[in-house]
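What follows is the residue order along each chain.
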Amino acid sequence: METKTFDYIIIGAGPAGLASAQYAARGGLSTVVIDASGAGGQVSQISDLENYPGVYPALNGSFFMENMKLQAEAFGAEFEEATVSSIDKRGETFVVTTKKVIYEAPALCIATGAIHTELGVPGEKEFAGRGVSYCAVCDGPFFANKKIFVVGGGDSACSEATYLASLSKDVTIIHRRSSFRAQKAVVEKMRDAGVKPLYDTIVKEVKGDNVVTSLVIQNVQTGVVQEISADALFVFTGMLPQTELVDMLPKDEGGYIVTDEDMMTPMPGLFAAGDVRSKSFRQIVTAVSDGAIAAHAAQKFLDR
């Protein structure tokens, strides 16, 4: 099997990975980014990216990420479309194995992100980005004064519903149980904002033409099924950080990788950046910041 050697390996080609690649390559590190799906991550699903500082008017997410990749390549970063099967450390060197190539480097960054837990109902995937969303800050403004539904019952769902209530007076939160599992203060704040609860209910299907127009819901107690009009469905049923390759690292209660302020994990030379990392706010701009910091810290680590 072929072996390739670099200064810095990045696994994951979302905003954090691409920003880290740009800063590392521009700083003189031989850098490779490995991702099974190519560059883009979840940002590629955004039709109008309007909340990234300096990007105005709004850009298509795929176009934005392609530009980030081209910028990193212009500074010398390499990209490999492959699935990583394992990560090992031999002495001071990280060994990243894919099907055809083994990559080695003294510094490694995990930028594999986190995926939203989906409902898994008909219409959800089809209308993603066209009424179905997993980010209130990203997409909420598109549905100002529209009929918005939120699914979930934890702190995240209730907090996001509260935010959406600042954009529309018609926000309903759907929860499969008879009470929310979120903190009492969070729930009270949501209620004060005017969010209407719909208990003991699940979403069975998302319907529409070019965009979402209705939801099919079911009461889990009575079994009654009905179709209700809707303009948007925001799903907040949990996030799954992609940490399978580095299960040995310490994580917070949500399963996110714990790092210091330089993105370094407890394992010297191993960094984590973006949505896979434990932090309070997950946005494209914070992922890019993480990636840049990780690259800078990696360079200092290698200099030492």
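Refer to the structure printed above.
Computed from a predicted model, the values in this text were never measured in an experiment. (Residues numbered from 1 in each chain as written. Predicted model: local features only at pLDDT ≥ 70, side-chain atom pairs only at ≥ 80, totals over all residues. Heavy atoms only, no water.)

Thoughts on the overall build of the protein chain
Stated precisely, the cut-off is as follows: Strands are runs of DSSP state E lasting at least 2 residues, helices are runs of H or I lasting at least 4, and numbering of each runs from the N terminus. The globule rule is 2.2 Å times the number of residues to the power 0.38, and the radius of gyration it is compared with is taken over C-alpha atoms. We call a residue buried when its accessible area falls under 20% of the maximum for its residue type, exposed when it is over 50%, and partly exposed in between, using a 1.4 Å probe and counting protein chains only. Should any heavy atoms of two residues lie within 4.5 Å, those residues are considered in contact. Only the protein chains shown count as cover for residues, and all accessible areas are computed by the Shrake-Rupley method using a 1.4 Å probe.
Helices and strands together make up the secondary structure of the protein chain, namely 6 helices and 19 strands. For the protein chain, the C-alpha radius of gyration of 21 Å lies close to 19 Å, the compact-globule estimate for 304 residues. Projected onto its principal axes, the C-alpha coordinates of the protein chain cover approximately 60 × 40 × 35 Å. For the protein chain, the proportion of its 304 residues judged to be buried stands at 48%. Across the protein chain, contacts joining residues at least 24 apart in sequence account for 59% of those joining residues at least 6 apart. As presented, the protein chain carries roughly 14,400 Å² of accessible surface, and 50% of it is formed by carbon and sulfur atoms.

Looking at the nonpolar core
The criterion, for reference: We call a set of buried residues a nonpolar core when its members are Ala, Val, Leu, Ile, Met, Phe, Trp, Tyr or Cys and they connect through side-chain atoms within 4.5 Å of each other.
Counting residues in hydrophobic clusters, the biggest one holds 37 residues, and the most contacted among them are Y8, F64, F271 and I284. Elements with a contribution of two residues or more to this core: strand 2 (8-11), helix 1 (15-26), helix 2 (61-74), strand 8 (107-110) and helix 6 (284-303). For this core, the leading source of residues is helix 6, giving 8 residues. Excluding residues within four positions of it along the chain, F271 makes contact with A107, L108, C109, I110, D262, M263, M264, T265, A294, A297, A298 and F301. One finds A82, V101, L249 and L270 within the second-largest nonpolar core, a separate group that totals 21 residues.

With respect to the state of the cysteines
Heads up, the rule is: Two cysteine sulfurs form what is called a disulfide whenever their separation falls within 2.5 Å.
Here the structure, examined in full by the defined rule, presents 1 disulfide. The side chain of C135 participates in a disulfide bridge whose partner is C138; the two sulfur atoms lie 2.3 Å from each other. Around the S-S axis, the bridge from C135 to C138 shows a dihedral of about 70° and counts as right-handed. In this structure C158 is a free cysteine whose sulfur lies 17 Å from that of C135, the closest cysteine sulfur available.

Quick look at the layout of surface pockets
Under the convention used in this document: Cavity and pocket criteria rest on a 1 Å grid covering protein atoms alone: a 1.4 Å probe that fits but cannot get out defines a cavity, protein on both sides within 12 Å along at least 5 of 7 lines defines an open pocket, and an atom within 4 Å of a point defines a lining residue. Grid points are joined across faces, edges and corners, and a volume is the space filled by probe spheres set on the points. Side-chain classes are defined by residue name, with Ala, Val, Leu, Ile, Met, Phe, Trp, Tyr, Cys and Pro counting as nonpolar, Asp, Glu, Lys and Arg as charged, and the others, Gly among them, as polar.
The computed volume of the second largest pocket comes to approximately 300 Å³. Forming the boundary of the second largest pocket are 16 residues, of which L119, V151, R176, I202 and T237 lie nearest the centre. A per-element tally of the lining of the second largest pocket places strand 14 (residues 201-208) first, with 4 residues. Tallied by class, residues from the lining of the second largest pocket come to 6 nonpolar, 5 polar and 5 charged.

Let's talk about the packing of helix 4 (residues 155-165) against helix 5 (residues 184-192)
Selection rule: What counts as an axis is a line fitted to C-alpha atoms, over the stretch in contact for a helix, and the angles between N-to-C directions run from 0 to 180 degrees. Put simply, angles under 35 degrees are roughly parallel, angles over 145 are roughly antiparallel, angles from 65 to 115 are roughly perpendicular, and the rest are oblique. Crossings are assigned a handedness: left-handed for a near helix turned anticlockwise from the far helix by less than a right angle, right-handed for a clockwise turn.
It is the contact of helix 4 with helix 5, at a shortest axis distance of 9 Å, that shows an interaxial angle of 25°. In this view, helix 4 runs roughly parallel relative to helix 5, as classed from their interaxial angle. Along this stretch, helix 4 crosses helix 5, giving a crossing that reads as left-handed. Contacts from D155, C158, S159, A161 and T162 in helix 4 reach V186, V187, K189 and M190 in helix 5. Of the residues contributing to the contact of helix 4 with helix 5, the split by class is 5 nonpolar, 2 polar and 2 charged.

Some words on the pairing of strand 8
How we decide: The pairing criterion is simple: DSSP has to find at least two bridges between the two strands.
Here strand 8 shows a buried face lined by A107 and C109 and a second buried face lined by L108 and I110. As judged from the 4 bridges shared by strand 2 and strand 8, these two strands associate in the parallel manner. Bridge pairing in strand 8 links I9 to L108.

Some thoughts on the sheet that holds strand 16 (residues 225-229)
Taken together, the 3 strands give an open sheet; going across it, the order is 14-15-16, and neighbouring strands pair in antiparallel fashion. On the outer flanks of this sheet lie strand 14 and strand 16, each paired with one strand and no other. Put simply, the sheet's adjacent strands are angled 25° from each other on average, direction ignored.

Topic: unusual backbone geometry
For the bond from Y56 to P57, the omega torsion is 0°, close enough to zero to count as cis. Looking at the element boundaries, P57 is found in the loop between strand 3 (31-35) and helix 2. In this structure, N145 takes a positive phi of about 65° despite not being glycine. We classify N145 as exposed; its relative accessible area is 68%. In this model, D200 sits at a positive phi of 50°, which is unusual for a non-glycine residue. With respect to the element layout, D200 can be found in the loop between strand 13 (196-198) and strand 14. A relative accessible area of 17% means that D200 is categorised as buried.

Brief notes about the pairing of strand 14
By the bridge criterion, 7 bridges tie strand 14 to strand 15 (residues 212-219) in an arrangement that is antiparallel. Counterpart to E205 in the pairing with strand 15 is V216. With antiparallel pairing between neighbouring strands as the criterion, strand 14 and strand 15 make up a hairpin whose turn holds 3 residues.

Shape descriptors only; they carry no functional weight alone.
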